[in-house]
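Coordinates in review
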Amino acid sequence: MSLADLAVPLVRRLPPEAAHTATVKGLKTGFGLPQIDPAQWETEVTLPKSGLTLPNPIGLAAGFDKNAEVIKPLMRFGFGFVECGTVTPNPQPGNPKPRLFRLNQDRAVINRMGFNNQGLDRFTRRLKIAFKANLPGRIGANVGANKTSTDFIADYEVGISTVLPFCDYLTINVSSPNTPGLRDLQAKSALQELLTRCGQVLQRAEAKPVFLKIAPDLDDAQIADILETVRTEGHWLAGLIISNTTTDRPASLTSTNAQEAGGLSGAPLMAKSTRLLGIFASELRGAFDLIGCGGVFSGQDAYTKIRNGAHAVQLYSALTFHGPGLIAKINRDLAACLKADGFSSVSEAVGTGLNLPA
């Protein structure tokens, strides 16, 4: 157990956002951090469409390192990939505090942060340094739109062209529930325009894998529209990240803060996000790389995502409850799950839990 893990109970005594700030500051010092090589788990995977090779399939979701400040320390916990952001073109303070809530009894978190970040200039300077450092894992950058922007898609165009040279892959985040109107970009006509305009930017840029991050709160018609649009207008996409946080509040929630506004993440999101992942995997049949995100707390959770079509997985909220030592445990347990079922690689297990027609 590292000193970072020992500090978890102390940090959790702080209010959630203060705890996060303290954690980032602690990571910057590098004191007491483990030296784990993400490649040591023997679960290297290459995503088939993008060709992106990960030393292991366990990644950190966007939202933790919003300003690309602690990429290198995070890699030392054993993540196969770390996604920074969400970053917007201009700095913005985000929504009023309090805006981050722990749901301890439910192993969940609610946030309504609102893309608080220091803006593209500072983000890109740090991202460039990390990208040139030859770190063992892959670096992702997650771009969004400023709350006050009059043209959300223009913000994505700026974000893509600015950060793409300094990351291994990029994520277009149209699924946060905390920027009014942002999720409207998932509607068919808006998504068509987004993919067309962003695709034109990418024609002029260095080729890198680009993912679209979608919400879990989609009905059948919305799912059908997204599927049709990514097939027709998103041929340049590497894949999808499924999913962001949910605005649903399951009846099973028991924590005091359960009805706070914002996006719910953590254990209660596992079943919902995995079901959506399975739908997209069944429909897309390998045409896009899929990253499963939402509710991963264990190696078995990661394995469940993989068997439901994920080529890799991401987590974030689990760190709030179990600390960074969890990453090594998830990697070990995932390797054990694969071995127990006779799989020699992650890729062999992808989608094996789906009932696909011949």
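Residues numbered from 1 in each chain as written. Predicted model: local features only at pLDDT ≥ 70, side-chain atom pairs only at ≥ 80, totals over all residues. Heavy atoms only, no water.

Okay, the sheet that holds strand S5 (residues 100-103) next. Read across the open sheet, the 3 strands follow the order S5-S6-S11; overall the sheet is antiparallel. Where the open sheet ends on each side, the last strands, each with one partner, are S5 and strand S11 (263-266). The average angle at which neighbouring strand axes cross in this sheet is 20°, direction not considered. (Pairing = 2+ DSSP bridges. Helix = DSSP H or I, 4+ residues; strand = E, 2+ residues; numbered from the N terminus. Axes fitted to C-alpha atoms, helices over the stretch in contact; angles between N-to-C directions.)

Judged by nonpolar contacts, the single largest core of 102 residues is most densely connected at Tyr156, Ile172, Leu212 and Phe280. At 7 residues, helix H7 (residues 188-203) tops the list of elements feeding residues into this core. The contact partners of Ile172, leaving out residues within four places of it in the chain, are Val143, Tyr156, Ile160, Leu194, Cys198, Val210, Phe211, Leu212, Lys213 and Trp236. (Core = buried A, V, L, I, M, F, W, Y, C linked by side-chain atoms within 4.5 Å. Buried < 20%, exposed > 50% of the residue type's maximum accessible area, 1.4 Å probe, protein only. Contact = heavy atoms within 4.5 Å.)

The end-to-end C-alpha separation of H7 is 22 Å, in line with the 22 Å expected for 16 residues at 1.5 Å each. Among the residues making up H7, those that are buried are Ala190, Leu191, Leu194, Leu195, Arg197, Cys198, Gly199, Val201 and Leu202. Looking at the buried residues of H7, the elements they touch are helix H6 (152-163), strand S8 (169-173), strand S9 (210-214) and helix H8 (220-232). (Expected span 1.5 Å × (residues − 1).)

Within the closed barrel, the 8 strands sit side by side as S3-S4-S7-S8-S9-S10-S12-S13. Their pairing is parallel. Direction aside, neighbouring strands of the sheet carry axes that sit 25° apart on average. Sheet analysis places strand S3 (residues 58-60) next to strand S13 (residues 312-315), joined by 3 bridges and oriented parallel. Residue Ile58 lies in a different strand from S13, and its bridge partner there is Val313.

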